[in-house]
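Each chain, letter by letter, is given below.
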Amino acid sequence: MPYQTNLELPKNVTGHLPQHAQDIYREAFNHAWEEYADPEKRYTDESREAVAHKVAWSAVKKTYKNQEGQWLPK
């Protein structure tokens, strides 16, 4: 399920985030996908995919902020 390119990302990511933020999202998702392959490493009962998406959004929010529906660098 890892994403090879930003074009493969979900529409709620590609339709809202600037290119650099998409790069951050993709890299964080892919890393989390590998990191949390073992269910025992997850803190909740959520799926591997759900955890990876949460990690990816968290990574984006460290560098970008959503201001009036637009994602801007902090």
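Placed above this text is the structure.
Nothing here was measured: the structure is a model prediction, and the numbers come from that model. (Residues numbered from 1 in each chain as written. Predicted model: local features only at pLDDT ≥ 70, side-chain atom pairs only at ≥ 80, totals over all residues. Heavy atoms only, no water.)

Just checking my understanding: could you explain the overall build of the chain for this structure?
Counting its secondary structure elements, the chain contains three helices and two strands. When the helices and strands of the chain are listed from N to C terminus, the series reads α-α-α-β-β. Taking 74 residues into account, the globule formula puts the C-alpha radius of gyration at 11 Å, and the chain, at 12 Å, falls close to it. Expressed as lengths along the three principal axes of its C-alpha atoms, the size of the chain is roughly 35 × 25 × 15 Å. With the model as given, the accessible surface of the chain reaches about 5,000 Å², and the carbon-plus-sulfur share is 50%. A gap of 6 Å separates the mean positions of the 10 positive and 11 negative side-chain charges of the chain. (Helix = DSSP H or I, 4+ residues; strand = E, 2+ residues; numbered from the N terminus. Rg over C-alpha atoms; globule rule 2.2 N^0.38 Å. Areas by Shrake-Rupley, 256 points an atom, 1.4 Å probe, with all protein chains shown as cover. Lys, Arg positive; Asp, Glu negative; His and termini not counted. Charge placed at Lys NZ, Arg CZ, Asp CG, Glu CD.)

Whenever I open this one, helix 2 (residues 19-35) confuses me. Can you help?
Side chains that are three or four residues apart share a direction in an α-helix, a result of its 3.6 residues per turn. When the terminal C-alpha atoms of helix 2 are compared, their 24 Å separation across 17 residues agrees well with the 24 Å that a helix rising 1.5 Å per residue should span. Within helix 2 the residues assigned to the buried category are Ala-21, Gln-22, Ile-24, Tyr-25, Arg-26, Ala-28, Phe-29, Asn-30, Ala-32 and Trp-33. (Expected span 1.5 Å × (residues − 1). Buried < 20%, exposed > 50% of the residue type's maximum accessible area, 1.4 Å probe, protein only.)

Help me out: how do you make sense of the side chain of Gln-22 in this one?
One can find Gln-22 in helix 2. What makes Gln-22 buried here is its relative accessible area of 7%. Apart from the residues within four sequence positions on either side, Gln-22 is in contact with Asn-6, Leu-9, Val-13, Thr-14 and Leu-17. (Contact = heavy atoms within 4.5 Å.)

Can you walk me through helix 3 (residues 48-63) in this structure?
Between its terminal C-alpha atoms helix 3 stretches 24 Å, which fits the 22 Å expected from 16 residues at 1.5 Å a residue. In this structure, the buried residues of helix 3 make contact with helix 2, strand 1 (64-67) and strand 2 (70-73).

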